[in-house]
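Each chain is listed here by its residues.
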Amino acid sequence: RPLEGRVAVVRGGAGEVGEGIVAGLLSAGARVAVPSRRPERLDGLAASLRSNDFSTENLVPVVGDLSAGGEEARALAREIARIAGPPDLVVAALGGWDAGPPLADMPMDVWDRTVEDGLRTHQLAVHAFIPILRGRPGASYVMINGAAARYPVPGSGAVSAVAAGELMMAQVLAAEESGHDIQVEAYVL
């Protein structure tokens, strides 16, 4: 149990990809906080973990909206740290998939909403949790992304553009936070 005594936060932990990450972290011994706006998503996560023989003893479900805005997100991140303990690891398994018309035919409101939702969600996670990770020995921030970040997917141009932007966010964040000893990683599934 290499993460025994460590605290992790998984943004998007109640989603399909996030649930696997939560299960792995719990198995490795971490205390895992999962924030969600909807308590039923957290209840479903716990039930699914138990039905797959994962202990939920170290699962810390937290109801709250990290996408509400800058200071609201930071306040909720501080509350998560108070409830679960200061995090050593934050995983942002955020985003989704969307298919639509080719880029040249995409309505601007669809483009704007996709870009706003995708990049803003990650920026709010960075804004909320990086200040808490600073100064924590061995702290890590991990962004999970899909293959559309690197490979063109016709009909999903907006999602691909957002995913590529998220990869660059991780690279910039790694450069900016290197003086704070935060390991920043981006994984493309």
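Just so it is clear, the structure is predicted and the values come from calculations on it, not from any experiment.

About the cut-offs
Residues numbered from 1 in each chain as written. Predicted model: local features only at pLDDT ≥ 70, side-chain atom pairs only at ≥ 80, totals over all residues. Heavy atoms only, no water. Helix = DSSP H or I, 4+ residues; strand = E, 2+ residues; numbered from the N terminus. Buried < 20%, exposed > 50% of the residue type's maximum accessible area, 1.4 Å probe, protein only. Pairing = 2+ DSSP bridges. Expected span 1.5 Å × (residues − 1). Arc of directions from axis to C-beta. Contact = heavy atoms within 4.5 Å. Axes fitted to C-alpha atoms, helices over the stretch in contact; angles between N-to-C directions. Salt bridge = Lys/Arg side-chain N within 4 Å of Asp/Glu carboxyl O.

This next bit is on unusual backbone geometry. Not every positive phi belongs to a glycine, and Asp53 is a case in point at roughly 65°. When you line up the elements, Asp53 lands in the loop between helix 2 (39-51) and strand 3 (59-63). Since its relative accessible area comes to 74%, Asp53 is described here as exposed. You will see that Asp181, though not glycine, has its phi angle at about 60°, which is positive. Its location among the elements puts Asp181 in the loop between helix 5 (157-177) and strand 6 (183-188).

It is worth spelling out the pairing of strand 1 (residues 7-11) at this point. Most of strand 1 sits inside the fold, with five of its five residues counted as buried. Note: strand 1 against strand 2 (residues 31-36), three bridges, orientation parallel. Looking across to strand 2, one finds that Ala8 is bridged to Val32. Summarising the sheet, strand 1 and strand 4 (residues 89-92) pair through four bridges and their orientation is parallel. Directly across from Ala8, in strand 4, lies its bridge partner Leu89.

Moving on to helix 2. Since the α-helix turns once every 3.6 residues, residues separated by three or four places project in the same direction. Between the first and last C-alpha of helix 2 there are 18 Å, a value that for 13 residues agrees with the 18 Å anticipated at 1.5 Å per step. By the burial criterion, the buried members of helix 2 are Leu42, Leu45, Ala46, Ser48 and Leu49. Projected onto a plane normal to the axis of helix 2, the buried residues spread over an arc of 165° and lie on a single side. Opposite the buried face of helix 2, at more than 90 degrees from it, the exposed residues are Asp43 and Ser51. Buried-residue contacts for helix 2 involve helix 1 (16-27), strand 2 and strand 3. Looking at the residues trailing helix 2, positive phi occurs at Asp53, about 65°.

Let's shift gears to the sheet that holds strand 5 (residues 140-145). Pairing between the strands of a sheet comes from backbone hydrogen bonds, and it takes one of two forms, parallel or antiparallel. Across the sheet, six strands lie side by side as 3-2-1-4-5-6; this open sheet has parallel pairing. Because the sheet does not close on itself, it has two edges, and the strands there are strand 3 and strand 6. Taken over all neighbouring pairs, the strand axes of this sheet differ in orientation by 20° on average, direction set aside. One ladder, built from four bridges, connects strand 4 with strand 5; its direction is parallel. Its bridge partner lying in strand 5, Leu89 is registered against Ser140.

Attention now goes to the pattern of salt bridges. Tallied over the entire structure, the rule returns nine salt bridges. Note that Glu79 is salt-bridged to Arg82, the shortest N-O span being 2.6 Å. Separated by three residues within a single helix, Glu79 and Arg82 lie in helix 3 (residues 70-84), roughly one turn from each other. Of the residues examined, Glu79 reaches a relative accessible area of 29% and is grouped as partly exposed. Linking Arg120 and Glu116 is a salt bridge whose minimum nitrogen-to-oxygen distance equals 3.4 Å.

Any functional reading would require information beyond the geometric quantities listed.
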